[in-house]
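Commentary on secondary and tertiary structure
The residues making up each chain are set out below.
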Amino acid sequence: LKRWRTWHTVIAGLRSLLECPFRTPSMLIWGVHDRAVPVSTAENLQRRLIESDLRVFEGVGHRPAEERPKLTAAAIEEWLVETAAVRNGKVRRFV
């Protein structure tokens, strides 16, 4: 029961923080088989994170970095390179 309260307290705090959309570049990584926090949660969160990219990995659950570390690292590296290019004006992102 304590765990449930803690989780809902954290989520309630996150919701209040996200009442105003954020424009900070961010990346969300989710496993399609995440039973703890469904992918629909990521989609809702992405609506508040204006400049965000959502990567959903097939065959992965709640811990993408542990379940598929190379895939996760490659996705993060790709995102960082792309984000740096956008910030440096080499690529224009149409969001």
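It should be noted that the structure appears before, not after, this text.
Presented here is an overview of the structure given in this document.

Rules used throughout
Residues numbered from 1 in each chain as written. Predicted model: local features only at pLDDT ≥ 70, side-chain atom pairs only at ≥ 80, totals over all residues. Heavy atoms only, no water. Core = buried A, V, L, I, M, F, W, Y, C linked by side-chain atoms within 4.5 Å. Buried < 20%, exposed > 50% of the residue type's maximum accessible area, 1.4 Å probe, protein only. Helix = DSSP H or I, 4+ residues; strand = E, 2+ residues; numbered from the N terminus. Contact = heavy atoms within 4.5 Å. Salt bridge = Lys/Arg side-chain N within 4 Å of Asp/Glu carboxyl O. Arc of directions from axis to C-beta. Polar contact = N/O pair within 3.5 Å; in protein donor to acceptor, adjacent residues only side chain to side chain. Pairing = 2+ DSSP bridges. Expected span 1.5 Å × (residues − 1).

1. Some words on the nonpolar core
The biggest cluster of nonpolar side chains holds eight residues, and these are L18, L28, W30, V37, V39, A42, L45 and L49. Listing elements by their share of this core, those giving two or more residues are β1 (26-31) and α2 (39-48). Top element by residues in this core is α2. It accounts for three residues. The residues touching V39, leaving out its near neighbours within four places in the chain, are W30, G31, V32 and V56.

2. Considerations on the pattern of salt bridges
All told, the structure shown has one salt bridge when counted by the stated rule. In this structure, the salt-bridge partner of R55 is E78, at a minimum N-O distance of 3.2 Å. One end of the pair, R55, is in strand β2 (residues 52-57); the other, E78, is in helix α4 (residues 69-87), and 23 residues separate them in sequence. Among the residues examined, R55 registers a relative accessible area of 17% and is labelled buried. Here E78 falls in the partly exposed class, since its relative accessible area comes to 47%.

3. A closer look at α2
What α2 keeps buried is the set V39, A42 and L45. Looking straight down α2, one finds its buried side chains confined to an arc of 110 degrees; they lie on one side.

4. Some thoughts on the side chain of D34
Take D34: it is sitting in the loop between β1 and α2. There is a polar contact of 2.9 Å between the side chain of D34 and the backbone nitrogen of A36. Within polar-contact distance, the side chain of D34 engages the side chain of H62 at 2.9 Å. If sequence neighbours within four positions are ignored, D34 has contacts with V60, G61 and H62.

5. A word on the environment of M27
Mapped onto the elements of the fold, M27 is located in strand β1. Given a relative accessible area of 18%, M27 falls into the buried group.

6. Here we look at the pairing of β2
Relative to β2, β1 runs parallel, the two sharing six bridges. Following the sheet pairing, L28 is matched in β2 by L54.

7. Re α4
Between its first and last C-alpha atoms α4 spans 27 Å; for 19 residues at 1.5 Å apiece the expected length is 27 Å, and the two agree. Looking only at α4, the buried set comprises T72, A75, W79, T83 and A85. For α4, the angular spread of the buried residues around the axis is 160 degrees, confining them to a single face. Exposed and facing more than 90 degrees away from the buried side of α4 are K70, E77 and V81. Structurally, α4 contributes buried residues whose contacts are with β1, β2 and α3 (64-67). Where α4 terminates, the next one or two residues include G89, which has phi positive at roughly 80 degrees.

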